[in-house]
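Chain residues, written in single-letter form:
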Amino acid sequence: MAQKRVLITGMSGLIGGAVRRRLEGKYALRALNRRSVPGVECHRADIADLEAILPAFNGVDTVVHLAASIRGGWEEMLRHNIIGTYHVFEASRRAGVARVVYASSGSTIVGWEREMPYRALAEGRYEEASEGWTMLTHETPVRPGGLYGCSKVWGEALARHFTDTSDLSILCLRIGAVLKEDRPQQTRHVPVWCSQRDIARLVERCIEAPGEVRFDIFYAVSNNRWNYRDMAHAREVLGFAAEDSVEERFGE
């Protein structure tokens, strides 16, 4: 049986590299990137240019859309996170891609950290967070942080629209703190840290999810003691369980 062809946008980034290491050899990988990616088939183009990216999607089964602007002002967010995300979804639709795995962000709900008990958890005042705090789920109202968080809320809404109006399946991952050092770098990272291994495994579970899973939203964090983002939904729908935790790996 031929390998499933998977296109990864933003493969040269941190998460793109982790996903590549996990998927290489299991799937036929192709990159859509602004700069070349050594050792893998790569189509060089900017996702802000629809006509330029279209050839990358030919013959692709699944797209993992990681490319985004995390920092910068409105023009950067508009170009890559809003227009670019629309182009990736539209190119996928035109090419007959079965599924897109969309890298959303915990920034879609990070505004809840203004409220207790989430503020206490984010600030490391764990004794002030009563046992059994209410987890934020995929059904919790969004409360984005900054233009970046707002742009990811747009991406999720756009994903819902595409799955309602086309044959595309789009699964959205609200990714926590995935870091170059692969460990928390500040107190706020502790509850929402996600290891590179766990995010790559979760992307793989999304690729392999049954076709009837047309649209959904999942959080992506490791099994951290002070986490406030629900991971039960990913376990129930995708069969995913995080392998790492801050406490077991670092004793934090």
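Small disclaimer: the values here were computed from a predicted structure and weren't measured.

Turning next to the packing of helix α1 (residues 14-23) against helix α7 (residues 196-207). Remark: α1 packs on α7, axes separated minimally by 9 Å, with the N-to-C direction vectors making an angle of 65°. Between α1 and α7 lies a crossing whose hand is right-handed. Residue-level contacts link L14, I15, A18, V19, R21, R22 and L23 of α1 to Q196, I199, A200, R201, V203, E204 and I207 of α7. In the contact of α1 with α7, the residues fall into nine nonpolar, one polar and four charged.

Another aspect to go through is unusual backbone geometry. P117 follows M116 through a cis peptide bond whose omega is 5°. Within the fold, P117 resides in the loop between β5 (99-105) and α4 (118-122). With a phi close to 60°, D182 is a non-glycine residue in the positive phi region.

Looking now at the sheet that holds strand β7 (residues 215-220). Across a sheet, paired strands are connected by hydrogen bonds in the backbone, their directions being either parallel or antiparallel. Ordered in space as β3-β2-β1-β4-β5-β6-β7, the seven strands form an open sheet in which the pairing is parallel. Edge strands, defined here as strands with exactly one partner in the open sheet, are β3 (41-44) and β7. Across this sheet, the average inter-strand angle for adjacent strands is 20°, counted without regard to direction. Packing against the sheet, α7 makes contact with β1 (5-9), β4 (62-65), β5, β6 (169-175) and β7, and its axis sits at approximately 165° to β6.

Across the two faces of β4 the burial is the same, with T62 and V64 and V63 and H65 all buried. When β1 meets β4, the two strands line up parallel, connected through four bridges. Within β4, the position partnered with V6 by the bridge is T62. Following the backbone out of β4, through helix α3 (residues 74-95) and into the adjacent parallel β5, one traces a crossover that is right-handed.

Conventions we followed
Residues numbered from 1 in each chain as written. Predicted model: local features only at pLDDT ≥ 70, side-chain atom pairs only at ≥ 80, totals over all residues. Heavy atoms only, no water. Axes fitted to C-alpha atoms, helices over the stretch in contact; angles between N-to-C directions. Helix = DSSP H or I, 4+ residues; strand = E, 2+ residues; numbered from the N terminus. Left-handed = near helix turned anticlockwise from the far one by under 90°. Contact = heavy atoms within 4.5 Å. Nonpolar A, V, L, I, M, F, W, Y, C, P; charged D, E, K, R; others polar. Pairing = 2+ DSSP bridges. Buried < 20%, exposed > 50% of the residue type's maximum accessible area, 1.4 Å probe, protein only. Right-handed = clockwise from strand over helix to strand, strands pointing away.

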